[in-house]
Amino acid sequence: MKLKQLESLIGSLDQFENPKIELEQYPTGPHIASRLLYTAENSFEDVENKTVADFGCGCGTLGLAAALLGAEHVIGLDIDTDSLEIASSNATDLDLDMDFVHCDIRNLKWRDRIVDTVVMNPPFGTRRKGVDMDFLFVALKVASQAVYSLHKTTTRDHVKRTALREYNAASAEVLCELRFDVPQLYKFHKKKEVDIAVDLWRFVPQKDREKHL
Amino acid sequence: MRLLTHNMLSSNIKGVTNGFPLLIEVEKVVEKQVDFNEDFLRNMFAKIEWKALVEASRTMGYTELPENSESSMLNSDEFLRKFHHALLELHLEEGALVCPETGRKFPVNKGIPNMLLHEDEV
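What counts and what doesn't
Residues numbered from 1 in each chain as written. Chains lettered and ligands numbered in written order. Predicted model: local features only at pLDDT ≥ 70, side-chain atom pairs only at ≥ 80, totals over all residues. Heavy atoms only, no water. UniProt positions renumbered as here; feature names shortened; annotations may be inferred. Contact = heavy atoms within 4.5 Å. Buried area = accessible area lost by both parts, 1.4 Å probe. Salt bridge = Lys/Arg side-chain N within 4 Å of Asp/Glu carboxyl O. Helix = DSSP H or I, 4+ residues; strand = E, 2+ residues; numbered from the N terminus. Nonpolar A, V, L, I, M, F, W, Y, C, P; charged D, E, K, R; others polar. Core = buried A, V, L, I, M, F, W, Y, C linked by side-chain atoms within 4.5 Å. Buried < 20%, exposed > 50% of the residue type's maximum accessible area, 1.4 Å probe, protein only. Pairing = 2+ DSSP bridges.

- The name an unreviewed UniProt entry assigns to chain B is Multifunctional methyltransferase subunit TRM112-like protein, from the organism Forsythia ovata.
- According to its UniProt record, chain B has this under Subunit (unreviewed entry): "Interacts with TRM9."
- UniProt's Sequence similarities (unreviewed entry) comment on chain B is quoted here verbatim: "Belongs to the TRM112 family."

- Identification of chain A as Methyltransferase-like protein 5 from Forsythia ovata is taken from an unreviewed UniProt entry.
- Comment text from UniProt for chain A, heading Sequence similarities (unreviewed entry), reads "Belongs to the methyltransferase superfamily. PrmA family."

### Considerations on the interface of chain B and chain A
So, step 1. Facing 33 residues of chain B, the contacting portion of chain A comprises 26 residues.
So, step 2. Across the interface of chain B and chain A, roughly 2400 Å² is buried in total on both sides, 49% from carbon and sulfur atoms.
So, step 3. Taken as a group, M8(B), K47(B) and I112(B) account for 27% of the area that chain B buries against chain A, more than any other trio of residues on that side.
So, step 4. For the pair chain B and chain A, the interface holds 4 salt bridges.
So, step 5. The salt bridge partner of D97(A) is R2(B), with a shortest N-O separation of 3.0 Å.
So, step 6. Of all the secondary structure elements, the ones that give two or more residues to the side of chain B that touches chain A are α1 (3–8), α2 (38–45) and β4 (112–113) of chain B.
So, step 7. Tallying contributions element by element places α1(B) first for the side of chain B that touches chain A, with 4 residues.
So, step 8. Its residues placed into classes, the side of chain B that touches chain A shows 18 nonpolar, 9 polar and 6 charged.

### Quick look at the nonpolar core
So, step 1. In terms of nonpolar packing, the biggest core is built from 67 residues, with F55(A), L77(A), W110(A), V118(A), L136(A), L87(B) and L97(B) touching the most fellow members.
So, step 2. Per element, the largest residue contribution to this core is 8 residues, and it comes from helix α5 (residues 131–142) of chain A.
So, step 3. In this structure, L13(A), F124(A), A146(A) and L178(A) belong to the second largest nonpolar core, which totals 37 residues.

### Quick word on the pairing of strand β3 (residues 105–109) of chain B
Residues and elements named next belong to chain B.
So, step 1. Burial of β3 is one-sided: the residues F106 and V108 facing one way are buried, the residues K105, P107 and N109 facing the other way are not.
So, step 2. Where strand β2 (residues 90–98) and β3 come together, 4 bridges link them in antiparallel fashion. Opposite A96, over in β3, you have P107 as the bridge partner.
So, step 3. The loop that links β2 with its antiparallel partner β3 comprises 6 residues; one of these, G103, has a positive phi angle of about 80°.

### Comments concerning the pattern of salt bridges
So, step 1. Within the structure shown, the criterion is met by 20 salt bridges over all chains.
So, step 2. Of the charged contacts in the structure, one is a salt bridge between R106(A) and D104(A), with a shortest N-O distance of 3.0 Å.
So, step 3. D104(A) gets classed as buried once you look at its relative accessible area, which sits at 13%.
So, step 4. Notably, a salt bridge pairs R111(A) with E49(B), separated by 3.9 Å at the nearest N-O pair. One end of the pair, R111(A), is in the loop between β3 (99–102) and β4 (115–120); the other, E49(B), is in the loop between α2 and α3 (50–59), on a second chain.
So, step 5. Relative accessible area serves as the criterion here: at 22%, R111(A) is assigned to the partly exposed category.
So, step 6. Through salt bridges with shared partners, one network takes in K20(A), D80(A) and D82(A).

Below is the structure:
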């Protein structure tokens, strides 16, 4: 599938009707989502025939993009039941099979390395500090192959250091810097649209992780 | 929810040490056909907890999986087809997942298990 086709298909998905500020619900735009998954598949072969988990899937954008690129089993996880309903109906609209689990990522107890790839657009932690790193910690435990994630560019050094030193990632690489358009969803947004500089990361989990982690 | 997802989930209640596998209470099962993908099955075979898959598929009314498995079985097309069906085509649509240690039920509605914990379970 061509990048343009992928972008246009996921551009047709329904997004949050009433986004919840406490969960930092911002839709993942089709531009970013399509590039994330396209890169994961075409540069690294982390999608086709794989098991892919979408952490904090919201309306399912990243997970459904993975399914469109041939992921064999896709699981979307989110704490918000309204999002999961939209995500599930998005899957039906695209005639794609995707599983969903209603849960808090931070309490997830999956076996280590049970999925191949984790994709996520985590809450950036502006409302609850560090939540994006909590997601990353769990992602690096359950993924065997790679974790793709978006983090604010201003946190680049912190993300790299934490992933390598504390979470024992084998590698942590910024693939590109993107502009994340945050439309005026919430009342406290003064400007019509703000764009934030965001890094697209690829992390490789440590193969022989020490047990105590 | 496919049984592959079930094979990943465990009870994450605080203090629970044997939260896997979750028992299944079936209200409604649906079957959805998926293209057969041999490479995927071979790759998943090493990661799957076989006994949990066998029990889960039996609870869902599918009794074709052998009690024990070994990697040599992957050479049999018949075995792969059964594995494929149990792992990817059987969906728990309505029912519950039950913590094997505490009996706490996690409801499954419209195929989505609700694994959210109450405050005192975290």
